[in-house]
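# A structural walkthrough
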Amino acid sequence: MNRLNPRNPLVIDARELQRRPGSMQEVSRVVGAPEDLGTDVIAVPAGSPVALELRLESVLEGILVSGSVSTTAIGACVRCLETATYPVDATLQELFAYPERAAHHHEVDAESVEDDERELVDDLIDLEPSLRDTVVPALPFQPVCRVDCPGLCSECGALLADDPDHHHDTFDPRWASLSGLLDETGPGSTETEKRN
């Protein structure tokens, strides 16, 4: 496992809490978003502020981190392609196991232990993977700039929000022969009247 940089704002020093079950520490900080925090359609821009309000609790297995994550994601509206901003307020909860506990779990019950179990590394907690696991699922699958966005005109691509009365007089070529028949006979006339 790679060593962590304690100066990284997404790394928390947990030395004060280790081996003291029941002790607690509160962490409140604003960090810059890491790269690729999102999906292909919507993401939190790298470096933009992410507010963390966290509580660290020492438990027998390790350190339990819980709290809230607040930030803003930006993407393209799936209806009109304009910029869509989406406020993210998500709940983070993750247990960071002591290395010897995690190793013991892997040996005793390897099948039931998840591969992505978090561990303390040199008394440090790396929040970045947990931040991703919290923020990405909270993002909309199909972002919209507003709930009632009318989108684009399917005929010409015009932005319908700018012109609510926008429309096209469409002519369906399948009706062309019928309209020609109507022109020949005139409204209200029938073939029998034409013959007479």
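### Some thoughts on the side chain of serine 130
Topologically, serine 130 is positioned in helix α2 (residues 128-135). One polar contact links serine 130 to glutamate 94, side chain to side chain, over a distance of 3.0 Å. With sequence-adjacent residues up to four places away left out, serine 130 is seen in contact with Leu92, Glu94, Phe96 and Arg118.

### Brief notes about the pattern of salt bridges
This structure, assessed with the given rule, holds six salt bridges. For the salt bridge of aspartate 13 with arginine 15, the shortest nitrogen-to-oxygen distance reads 2.4 Å. Note that aspartate 148 and arginine 146 form a salt bridge whose closest N and O atoms lie 2.6 Å from each other. Overall, aspartate 148 belongs to the exposed group, its relative accessible area being 53%. Among the charged side chains, a salt-bridge network with shared partners connects Glu94, Arg118 and Asp133.

### Re the confidence of the model for the protein chain
Of all residues in the protein chain, 68% attain a pLDDT of 70 or more, and the chain-wide mean is 80. Here residues 106-113 is modelled with pLDDT under 50, and outside its nearest four sequence neighbours on either side it reaches six contacts, counting other chains as well.

### A short note on the side chain of serine 66
With respect to the helices, strands and loops of the structure, serine 66 is situated in strand β6 (residues 62-76). Here serine 66 falls in the buried class, since its relative accessible area comes to 13%. If near-sequence neighbours (up to four positions away) are discounted, serine 66 is found in contact with Glu53, Leu54, Arg55, Glu57, Leu92 and Gln93.

### As for unusual backbone geometry
One non-glycine residue, aspartate 36, lies in the positive phi region at around 55°. Mapped onto the elements, aspartate 36 comes out in the loop between β2 (24-32) and β3 (37-38). Phi angles above zero are rare outside glycine, and aspartate 123 is one such case at about 65°.

### Structural notes on the nonpolar core
Membership of the largest hydrophobic core comes to 29 residues, with the highest contact counts inside it found for Leu52, Leu54, Leu56, Ile63, Val65, Ile125 and Leu127. Taken together, the elements giving at least two residues each to this core come down to β2, β4 (42-44), β5 (49-58), β6, β7 (83-97) and α2.

### Here's the deal with α2
Because each turn of an α-helix spans 3.6 residues, side chains separated by three or four positions in sequence point in the same direction. Three or more residues of α2 are buried, namely Ser130, Leu131, Thr134 and Val135. For α2, the angular spread of buried residues about the axis comes to 120°, placing them on one side. On its buried face, α2 sits against β3, β4, β5, β6, β7 and β8 (118-119).

### Observations regarding the environment of glutamate 119
By the element assignment, glutamate 119 lies in strand β8. Between the alpha carbons of glutamate 119 and proline 99 there is a distance of 6.0 Å; along the sequence they are 20 residues apart.

### As for the environment of glycine 67
Tracing the sequence through the fold places glycine 67 in strand β6. Taking the C-alpha atoms as reference points, glycine 67 and serine 28, separated by 39 residues in sequence, lie 9.7 Å from one another. The residues touching glycine 67, leaving out its near neighbours within four places in the chain, are Glu53, Leu54, Ala90, Thr91 and Leu92.

What counts and what doesn't
Residues numbered from 1 in each chain as written. Predicted model: local features only at pLDDT ≥ 70, side-chain atom pairs only at ≥ 80, totals over all residues. Heavy atoms only, no water. Helix = DSSP H or I, 4+ residues; strand = E, 2+ residues; numbered from the N terminus. Polar contact = N/O pair within 3.5 Å; in protein donor to acceptor, adjacent residues only side chain to side chain. Contact = heavy atoms within 4.5 Å. Salt bridge = Lys/Arg side-chain N within 4 Å of Asp/Glu carboxyl O. Buried < 20%, exposed > 50% of the residue type's maximum accessible area, 1.4 Å probe, protein only. pLDDT = per-residue confidence, 0-100. Core = buried A, V, L, I, M, F, W, Y, C linked by side-chain atoms within 4.5 Å. Arc of directions from axis to C-beta.

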